[in-house]
Amino acid sequence: MMMAQDNDAESLDIEARRERIAKMVDTEQFASVKQLAKLFGVSQVTIRTDIDALSKEHHGLRRVRGGILRGQVPYSETPYEARSTSEEAGKRAIGEAAADIVQSNDTIILDVGTTTMAIAEALVKRADLTNVTAFTNGINIALTLERAYPRIMTVVTGGSLRPLQHSLVEPMATLILGNITANIAFIGCNGVDPDFGISTTNLPEASIKQVIVQAAHQVIVVADASKFGRRTLAHVCGLEDVDSFLTAGFVDEALITQIREAGATFRNALPATKAPEM
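Residues numbered from 1 in each chain as written. Predicted model: local features only at pLDDT ≥ 70, side-chain atom pairs only at ≥ 80, totals over all residues. Heavy atoms only, no water.

S.K.: Which residues make up a nonpolar patch on the surface, and what are the values?
M.R.: Residues Ile139, Leu143, Val156 and Leu161 make up a contiguous nonpolar surface patch of roughly 340 Å² in combined accessible area. With relative accessibility at 34%, the residue Val156 sits in the partly exposed group. (Patch = residues over 30% accessible without salt bridge, like charges linked within 9 Å, V, L, I, M, F, W, Y side chains within 5 Å. Areas by Shrake-Rupley, 256 points an atom, 1.4 Å probe, with all protein chains shown as cover. Salt bridge = Lys/Arg side-chain N within 4 Å of Asp/Glu carboxyl O. Buried < 20%, exposed > 50% of the residue type's maximum accessible area, 1.4 Å probe, protein only.)

Structural data, given as structure tokens:
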């Protein structure tokens, strides 16, 4: 009888763990075997067994190399307006920290996104800046920077408009970017994963980000903490292609170590002492 009770308890533990894994992937889009094994204090073999079971039971989850992925999410894209009110304090802190890096006479590139918009808003407030040239593929970012003219000269890259993100993409979007070299490029993203690198949710903007990375001496990825440990549809570049990461919120120390081992610096503009509750 006692053996039966022990088996029932073990079964409940397995079910509870798998339920938590499913919820975690639903929120984060991807979870690695290594990450889950450390989180639950079990072996990677056990986690792979869990992943196999979950991928069979849940049509929205699928096993991939190194972990488990929510199948439909990487292909979905949230409109700019829907994202603009999330993680506001963190994005504002990142924006102010990033703007502090910029100096007079700099040439910068501002990628599209809500976090880079926070940078634009902070730059407008920098009354001490003069003779800054800012290239951007974001229509809304260009309109924000217009308020700082003539201290900041804004150049719109051109291209075809994607209303979902107010962004400019190919065709014609890389003609200018392919012929400049900026001091700093601020890149937004949807995922930072030690193996997959920097990623985003749509292919057209991934190709523009790749050109931006090549067009600057210094590449700074700006992303709130929710983007770390995630991988999304379209690969942009590896960790080794990034000079610095600027974030806000809790990021796992193991991932920070991997970022630094890849040669990048890491700065948290709004540190958190513990991970948010799942």
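S.K.: Residue-level account of the packing of helix α2 (residues 33-40) against helix α3 (residues 44-57), with values.
M.R.: Across the interface, α2 lies against α3 with an axial gap of 9 Å and an inter-helix angle of 110°. Taken as axis vectors, α2 and α3 run roughly perpendicular relative to one another. Viewed along their axes, α2 and α3 form a crossing whose handedness is right-handed. Of α3, the residues touching α2 (which contributes Val33, Lys34, Leu36, Ala37 and Phe40) are Gln44, Ile47, Arg48 and Ile51. In the contact of α2 with α3, the residues fall into six nonpolar, one polar and two charged. (Axes fitted to C-alpha atoms, helices over the stretch in contact; angles between N-to-C directions. Helix = DSSP H or I, 4+ residues; strand = E, 2+ residues; numbered from the N terminus. Parallel < 35°, antiparallel > 145°, perpendicular 65-115°, else oblique. Left-handed = near helix turned anticlockwise from the far one by under 90°. Contact = heavy atoms within 4.5 Å. Nonpolar A, V, L, I, M, F, W, Y, C, P; charged D, E, K, R; others polar.)

S.K.: Explain the environment of Gly178 to me, and be specific about the residues and the numbers.
M.R.: On the secondary structure map, Gly178 appears in the loop between β8 (167-169) and β9 (182-187). Placed 36 residues apart in sequence, Gly178 and Gln214 show a C-alpha to C-alpha distance of 8.3 Å.

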